[in-house]
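Structural overview
Read off the chains here:
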Amino acid sequence: MELAEHRSLDEGYLVQNYGTRLQMAFVRGEGCWLYDSEGRRYLDWLAGIAVNTLGYGHPRLVEALCEQVRAITHSSNYFYIGPQAKLGRHLVELSGLDRAFFCNSGAEANEALLKLARRWSAAMFGEGVRPGVITFGNSFHGRTLATLTATAQGRIQEGYAPLMPGFKHAPFNDLAAAREAVDETTCAILVEPIQGEGGINPADEAFLKGLRALCDERGLLLLLDEVQCGIGRAGTMFCYEQYGFLPDAVALAKGLGGGVPIGAVVCSQELADQLKPGSHGTTFGGNHLATRAGLTVVETILEDGLLAHVRDVGTRLKAGLDALCERSNLAVSARGRGLMLGLQLAEDRAAALRDACAAEGLIVNAVKPDTVRIVPPLVISADEVDEGLARLERAVAAVG
Ligand SMILES: *Cc1c(COP(=O)(O)O)cnc(C)c1O
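Residues numbered from 1 in each chain as written. Predicted model: local features only at pLDDT ≥ 70, side-chain atom pairs only at ≥ 80, totals over all residues. Heavy atoms only, no water.

**As for the overall build of the protein chain**
The helix and strand tally for the protein chain stands at 14 helices and 17 strands. For a compact globule of 400 residues, the expected C-alpha radius of gyration is about 21 Å, and the protein chain comes in at 21 Å, within 12% of that figure. The principal-axis extents of the C-alpha atoms in the protein chain amount to approximately 60 × 50 × 45 Å. Counting across all 400 residues of the protein chain, residues that qualify as buried make up 54%. If you take every contact in the protein chain between residues at least 6 apart in sequence, the share linking residues at least 24 apart comes to 71%. (Helix = DSSP H or I, 4+ residues; strand = E, 2+ residues; numbered from the N terminus. Rg over C-alpha atoms; globule rule 2.2 N^0.38 Å. Buried < 20%, exposed > 50% of the residue type's maximum accessible area, 1.4 Å probe, protein only. Contact = heavy atoms within 4.5 Å.)

Here it is in structure tokens:
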């Protein structure tokens, strides 16, 4: 299809909630490289928003998915589902938690966290007595009514009143404010260890550990949203491993399916016990196709040593960005962990830099007006890091 036809179909038939799309249509990928409908080739530092963990056309994932599609893709949760149980075992063993539940997206995973918190609170304190959840400024937890209420960003909540009761927002990385926000109605704290949509903002170690201690002290649940930073992206399977504590539950999605939609919650036995038969469920969640994808992604990360690889190439990429910042007036600093990095600009030029990168054959995203997000596939090579840095440097020079 020509770009003009793409545009006319999109504008003629689709809800325009994404605004005008970037003028590219990708038709194929290979490793960390994307090819568009005009035959142009790009190095991909976005990975479909931290989704395409193994890049494109990964032989092991392609093989597993083809085999699964030929065998069976969906049977419903009335029946045993082999890859669901195997992926559940991996996530439980790797997380240090006890039980897994599968759904279809990040919003659904967080919705399940919030429902778990409500059920636990009802069992502990009586229904409706302590329903409160504290979340943080610039967070992003999804687009359902509960998760957009949890999301502390006004533009995402606009026009959806009345929002869900029971949420309070505190400033991110401010432990004293979180402590202050806890009251007699609070049952849980929900936080991203590294904020993604909020602009790649890592939680300070003292803040996260302090939240765990605060939750222990006040008898609250600590719920982690690792939808973006989990599944190897930060250099460990779960980002929280780097802080040396366990949450009560963690939400996963984006990178777990390597491009196939999937969400998951991994939680303590105490929380799992709250979801009695019939209390929660989903038709598609955990089906053969999605969990075979998740199983293959997790096993490939483990067997191919991708966690150490992410730490290595992540360090190289961060060092390259730091060096670029020293030579540039536009790029100020880089932040993040592993292959989840943000490049801070001196001015609101992230969209211009994104476009200049595309002109150089590099895909990045303007996550904030002054921040570029860099979340490549975890399989990116050191050479591809260097190649991308060279392209980024030319784009920075072009923008000024
Ligand atoms: C993307 C994201 C979500 C929402 O996931 P969807 O699959 O779009 O519903 C929730 N939390 C975080 C941290 C995310 O990055």
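So that's the structure; there's more coming.
**Some details on the site of the ligand**
With respect to spatial proximity, the complete set of residues near the ligand consists of Ser105, Gly106, Ala107, Asn110, Phe140, His141, Gly142, Glu192, Asp225, Val227, Gln228 and Lys254. Here Gln228 contributes a side-chain N or O atom positioned 2.7 Å from an oxygen atom of the ligand. Lys254 places a polar side-chain atom, nitrogen or oxygen, 2.5 Å from an oxygen atom of the ligand. For the ligand, whose free accessible area comes to 380 Å², the fraction covered by protein is 82%. Considering each element in turn, the shell around the ligand owes the most residues, three residues, to helix H5 (residues 106–125). In terms of residue class, the shell around the ligand is made up of three nonpolar, six polar and three charged. (Near = heavy atom within 4 Å. Polar contact = N/O pair within 3.5 Å; in protein donor to acceptor, adjacent residues only side chain to side chain. Areas by Shrake-Rupley, 256 points an atom, 1.4 Å probe, with all protein chains shown as cover. Nonpolar A, V, L, I, M, F, W, Y, C, P; charged D, E, K, R; others polar.)

**Examining the nonpolar core**
The biggest cluster of nonpolar side chains holds 94 residues, and the ones touching the most others in it are Trp45, Leu91, Phe136, Leu211, Leu343, Leu353 and Leu392. The dominant element in this core, judged by the number of residues it contributes, is helix H12 (residues 306–327), at eight residues. Core analysis: the second largest hydrophobic core is formed by 25 residues, Leu114, Leu116, Val133 and Ala146 among them. (Core = buried A, V, L, I, M, F, W, Y, C linked by side-chain atoms within 4.5 Å.)

**Let's talk about the pairing of strand E3 (residues 41–44)**
The sheet contact formed by strand E2 (residues 33–36) and E3 spans three bridges and is antiparallel. What sits directly across from Trp33, in E3, is Leu43. Joining the antiparallel neighbours E2 and E3 is a turn of four residues, in which Gly39 adopts a positive phi near 85°. As defined by bridge partners, E3 adjoins strand E15 (residues 362–363) across two bridges and the pair is classed as parallel. Within E15, the position partnered with Leu43 by the bridge is Leu362. (Pairing = 2+ DSSP bridges.)

**Some points on the sheet that holds E2**
Strand order in the open sheet formed by four strands is E1-E2-E3-E15, and the pairing between neighbours is mixed. At either end of the open sheet lies a strand with only one pairing partner, and these are strand E1 (26–30) and E15. Contacts between helix H14 (residues 382–399) and the sheet are confined to E2, E3 and E15, with E3 contributing the most and set at about 110° to the helix. (Axes fitted to C-alpha atoms, helices over the stretch in contact; angles between N-to-C directions.)

**Details of a nonpolar patch on the surface**
Taken together, the side chains of Met1, Leu9, Tyr13 and Leu14 present a nonpolar region at the surface, about 470 Å² in accessible area. With respect to the helices, strands and loops of the structure, Leu9 is situated in helix H1 (residues 3–13). (Patch = residues over 30% accessible without salt bridge, like charges linked within 9 Å, V, L, I, M, F, W, Y side chains within 5 Å. Salt bridge = Lys/Arg side-chain N within 4 Å of Asp/Glu carboxyl O.)

**Focus: the environment of Leu211**
Mapped onto the elements of the fold, Leu211 is located in helix H9 (residues 205–218). Separated by 20 residues in the primary sequence, Leu211 and Val191 have C-alpha atoms spaced 9.2 Å apart. Once residues within four sequence positions are removed from consideration, Leu211 is found in contact with Phe136, Leu175, Ala178, Ile189, Val191 and Leu222.

**Here we look at the packing of aromatic side chains**
Under the defined criterion, the tally for this structure stands at eight aromatic pairs. Centre to centre, the rings of Tyr243 and Phe245 are 6.4 Å apart; their planes meet at 40°, and the pair counts as tilted. For Phe245, a relative accessible area of 11% gives the class buried. Taken together, Phe136, Phe172 and Phe207 form an aromatic cluster joined through their ring pairs. It is Arg41 that lies over the ring of Trp33; its NZ or CZ is 3.7 Å from the centre. (Phe/Tyr/Trp six-rings, centres within 6.5 Å; stacked < 30°, edge-to-face > 60°. Lys NZ or Arg CZ within 6 Å of the ring centre and 35° of its normal.)

**A few points about the pattern of salt bridges**
The final tally for this structure, using the stated rule, is 20 salt bridges. The salt bridge partner of Arg292 is Glu67, with a shortest N-O separation of 2.8 Å. Taken together, the residues Arg292 in helix H11 (residues 288–303) and Glu67 in helix H3 (residues 59–71) connect sequence positions 225 residues apart. Here Arg349 ties to Glu347 by a salt bridge, and the two come within 3.8 Å at their closest N and O atoms. Because the salt bridges share partners, they merge into one network encompassing Arg60, Glu299 and Glu303.

**Considering the packing of helix H13 (residues 350–359) against H14**
The contact between H13 and H14 brings their axes to 8 Å, and the two run at 130°. In terms of axis orientation, H13 runs oblique to H14. Here the hand of the crossing between H13 and H14 comes out right-handed. Contacts between H13 and H14 involve Ala352, Leu353, Ala356 and Cys357 from the former and Leu392, Ala395, Val396 and Val399 from the latter. Among the residues forming the contact of H13 with H14, the class breakdown is eight nonpolar, no polar and no charged. (Parallel < 35°, antiparallel > 145°, perpendicular 65-115°, else oblique. Left-handed = near helix turned anticlockwise from the far one by under 90°.)

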